[in-house]
Amino acid sequence: MEGTTMKVSTQKSGVKVKAHPICAKMFYNKSNLISIDLTALDASNITSMDQMFYNCKGLTNLDVSSLDTSNVTNMHSMFDKCISLTSLDLSNFDTSKVTNMAYMFSGCTALKYLNIASFKTINVAVMSYMFSHCESLTSLNLSNFNTTKVTNMCYMFSYCKSLTSLNISSFNTIIVTDMSAMFAECSRLQSLSIPSTFTTNCVNTMRSMFNTCTLLRSLDLHSFRTETVEDMSYMFSGCRNLAYLNVLTFVTTKCTNMDYMFANCAKLDTLDIRGFRTSSTTSMTYAFDGCSVLTTLRVGSRFGLYGGGYRFPGKTWKNSAGARYQVTTGIVNFPNNKADTYTKIA
């Protein structure tokens, strides 16, 4: 190592350094490095690259084309907090044995180009925070992603503030249990198509899942099954341009927390929550706060507004029979557990 440059070498021409199977933290916190030469590293026996380049915040480029990753099972936090990297080409990576990709690119705030098109993710179980805070990425090719074994996707794309679209058509989420903040703060995301294979049968938390996706205009979640979800707080909070939201298949039997669920959905005029069942719900604090243009609410026979403080909009509403209900300090006395359609008249 000379100053800010490191070269892996045996000092013998043509002889490579045989890497230990566990290369976790190999260059951990080498924050002054601006380049690393890995061409003389024989990585064929490596099984763990956990935090291998963690917090190498001075790295402006990194050539990993010579790395043999065919036996690697752990890539947790591999490039985490490489804040100066602007591009990363991983087209040579063999990820067929990898089980953990959590935090893999988290905090790569300057990364504008990321080639992971060849990734094989058939054995990956954890993808939490995988791209979190990749704030400069404008596109992401996930077409080869196989997510059938993934259980955790929390914060996976959170704070990807430059993404305008995201294709997750290859995703199969059949055993995922945690989707909290999965797309949170994707503030430039204008469209998101949810495939039928994006199932939520095992999910127990959706807290902040789409929080502050401020440019999303429509969201069709008809494939969602929510019978096991316990937390939906902040789920759509701050989706200020969301004009269409399909949550008709939502069944909320186990959901205890709906705090801020629809808060500041300022362009949502119709909300059909006929599948909502609120017998287990203990808190709806600010659930409808800032829903200023909401004019139609459809509820089912097992829905009720509980807990107070849910900040219902408007002054006067009527039901399908014409009966009127006044809103006082954000509280309205709609009958609980009675299917009906309510319309705002003032």
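Scroll up a little and you will see the structure.
Conventions used here
Residues numbered from 1 in each chain as written. Predicted model: local features only at pLDDT ≥ 70, side-chain atom pairs only at ≥ 80, totals over all residues. Heavy atoms only, no water. Core = buried A, V, L, I, M, F, W, Y, C linked by side-chain atoms within 4.5 Å. Buried < 20%, exposed > 50% of the residue type's maximum accessible area, 1.4 Å probe, protein only. Helix = DSSP H or I, 4+ residues; strand = E, 2+ residues; numbered from the N terminus. Pairing = 2+ DSSP bridges. Polar contact = N/O pair within 3.5 Å; in protein donor to acceptor, adjacent residues only side chain to side chain. Contact = heavy atoms within 4.5 Å. Phe/Tyr/Trp six-rings, centres within 6.5 Å; stacked < 30°, edge-to-face > 60°.

Draft legend 1. Molecular detail of the nonpolar core. Ranked by internal contacts, the top residues of the largest apolar core, which has 108 residues, are Phe105, Phe131 and Phe236. For this core, the elements supplying multiple residues, two or more each, are strand E11 (270–273), strand E12 (296–299) and strand E14 (324–328).

Draft legend 2. Representation of the sheet that holds strand E15 (residues 331–332) within the structure. Read from one edge to the other, the open sheet built from 6 strands follows the order E11-E12-E16-E13-E14-E15, with strand pairing classed as mixed. In this open sheet, the two strands that pair with only one neighbour each are E11 and E15. Pairing between E11 and E12: 4 bridges, direction parallel. Within E12, the residue paired with Leu271 across the bridge is Leu297.

Draft legend 3. Here's a closer look at the side chain of Ser180. Relative to the assigned elements, Ser180 resides in the loop between strand E7 (165–166) and strand E8 (191–192). For Ser180, a relative accessible area of 10% translates into the label buried. A distance of 2.7 Å separates a polar atom in the side chain of Ser180 from a polar atom in the side chain of Asp178. Aside from chain neighbours lying at most four places away, what touches Ser180 is Cys154, Tyr155, Thr205, Met206 and Arg207.

Draft legend 4. Summary view of the packing of aromatic side chains. Throughout the structure, instances matching the rule amount to 29 aromatic pairs. With a centroid separation of 5.6 Å and 10° between ring planes, the pair formed by Phe105 and Phe131 is classed as stacked. Of this pair, Phe105 sits in the loop between strand E5 (87–89) and strand E6 (113–115) while Phe131 sits in the loop between E6 and E7, placing them 26 residues apart in sequence. Phe131 shares its class with Phe105; the two are buried. Considering the side-chain rings of Phe236 and Phe262, the 5.7 Å spacing of their centres and the 10° angle between planes classify their relative orientation as stacked. Of this pair, Phe236 sits in the loop between strand E9 (218–220) and strand E10 (244–246) while Phe262 sits in the loop between E10 and E11, placing them 26 residues apart in sequence. The same class applies to Phe236 and to Phe262, which are both buried.

Draft legend 5. Spatial organisation of the side chain of Ser208. In this structure, Ser208 sits in the loop between E8 and E9. Each residue touching Ser208, except ones within four places of it in the same chain, is listed here: Ala181, Ala184, Ser233, Tyr234 and Met235.

Draft legend 6. Here's a closer look at the pairing of E14. Every second residue of E14 is oriented toward a common face, the buried set being Tyr325 and Val327 and the non-buried set Arg324, Gln326 and Thr328. Bridging between strand E13 (residues 316–318) and E14 involves 3 bridges; their strand directions are antiparallel. Within E14, the residue paired with Trp317 across the bridge is Tyr325. Relative to E15, E14 runs antiparallel, the two being bridged by 2 bridges. In the sheet register, Val327 faces E15, and the bridge partner there is Val332. Counted between consecutive antiparallel strands, the loop separating E14 from E15 contains 2 residues, among which Thr329 sits at a positive phi close to 45°.

The quantities given are spatial measurements derived from coordinates; they are silent on function.
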